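Each chain is listed here by its residues.
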Amino acid sequence: MRRGLMLAVIIMILLISLPQCAVNVRANPIPSVPAFLEAEYINISIEKISEKEAVVLVDGVYPMRFTGKGGFIYFPIPREALNSSNITVLMDGKSIRYNITWRGTMSNNKDFQYESSFGVLPMICFKTNASADENVRNIRIIYTYKINVSNHPRPGTFATIYAMGTGRYYMTYAKECTAHVNIW
């Protein structure tokens, strides 16, 4: 009898505590991400136009699969690209709306800036579709800008940046992206 009573008490304690455990358990602690990017194809052309100036053309294709979580995609660009009105953002060959921002928001609602060895960079930003889409969408971003030799400490040397790792702020999930880069 004593053994049966003890077993009943243990079962009651388990039943009472079980709902509390279920409320506190998180099934998926990974933050929601708006898209998956497994490869990117970037062509960068640098053409010297004088002893003091060069023009850079960046043409990147980013095949993405949207998750349906909604949110924003951010692409860092060099500051010099802001001086040019030659920025184009396409989805499957059609122009889409975008903004330029210096601050982004992660999926956990924390703000960030894109910091690089060239300082904080501005970002092209566009909203993703809130519906899941199993199809891969090709995002293409094209921009041009000028770089000046006088901005570099070594005479006759041009310096610029192409920031990779756009998804680096989603640190809590494993990700891999292969970049195919051609530089002329």
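Structure: above.
Caption draft 1: Local environment of a nonpolar patch on the surface. On the surface, I46, M164, V181 and I183 cluster together into a nonpolar patch covering about 340 Å² of accessible area. Examined against the element boundaries, I46 turns out to sit in strand β2 (residues 39–48).

Caption draft 2: Examining the packing of aromatic side chains more closely. Applying the stated criterion across every chain, the model contains 5 aromatic pairs. Taken together, a centroid distance of 4.7 Å and an interplanar angle of 55 degrees make the contact between Y62 and F75 tilted. In this pair, Y62 is assigned in strand β3 (residues 53–66) and F75 in strand β4 (residues 72–76), connecting sequence segments 13 residues apart. With respect to class, Y62 is no different from F75; both count as buried. Put simply, the rings of Y62, F75 and F126 pair up and form one aromatic cluster. Sitting over the ring of F72, K127 keeps its end group 5.0 Å from the ring centre.

Caption draft 3: Spatial organisation of the sheet that holds strand β7 (residues 99–101). The antiparallel open sheet is built from 3 strands, whose spatial order is β4-β12-β7. Edge positions in the open sheet fall to β4 and β7, since each of these has one partner strand only. Going across the sheet, the axis of each strand differs from the next one's by a mean of 35 degrees, ignoring polarity. When β4 meets strand β12 (residues 123–127), the two strands line up antiparallel, connected through 5 bridges. By the bridge assignment, F72 is partnered in β12 with K127.

Caption draft 4: Examining the nonpolar core more closely. In terms of nonpolar packing, the biggest core is built from 23 residues, with V58, Y62, M64, F75, I141 and Y143 touching the most fellow members. Residue assignment for this core shows that the elements contributing at least two residues are β2, β3, β4, β5 (87–91), β12 and β13 (137–148). Counting residues per element, this core draws most heavily on β3, which supplies 6 residues. Apart from residues lying up to four places away in sequence, Y143 is in contact with V56, L57, V58, P76, I77, P78, A81, N86, I87 and Y162.

Caption draft 5: Up close: the pairing of β13. Where β3 meets β13, 12 bridges bridge the pair, whose relative direction is antiparallel. Within the sheet, the bridge partner assigned to E53 lies in β13 and is N148. Here β5 runs beside β13; their pairing, made up of 5 bridges, is antiparallel. Its bridge partner lying in β13, T88 is registered against I142.

The rules behind these values
- Residues numbered from 1 in each chain as written.
- Predicted model: local features only at pLDDT ≥ 70, side-chain atom pairs only at ≥ 80, totals over all residues.
- Heavy atoms only, no water.
- Patch = residues over 30% accessible without salt bridge, like charges linked within 9 Å, V, L, I, M, F, W, Y side chains within 5 Å.
- Areas by Shrake-Rupley, 256 points an atom, 1.4 Å probe, with all protein chains shown as cover.
- Salt bridge = Lys/Arg side-chain N within 4 Å of Asp/Glu carboxyl O.
- Helix = DSSP H or I, 4+ residues; strand = E, 2+ residues; numbered from the N terminus.
- Phe/Tyr/Trp six-rings, centres within 6.5 Å; stacked < 30°, edge-to-face > 60°.
- Buried < 20%, exposed > 50% of the residue type's maximum accessible area, 1.4 Å probe, protein only.
- Lys NZ or Arg CZ within 6 Å of the ring centre and 35° of its normal.
- Pairing = 2+ DSSP bridges.
- Axes fitted to C-alpha atoms, helices over the stretch in contact; angles between N-to-C directions.
- Core = buried A, V, L, I, M, F, W, Y, C linked by side-chain atoms within 4.5 Å.
- Contact = heavy atoms within 4.5 Å.

Coordinates in, geometry out; function isn't part of it.
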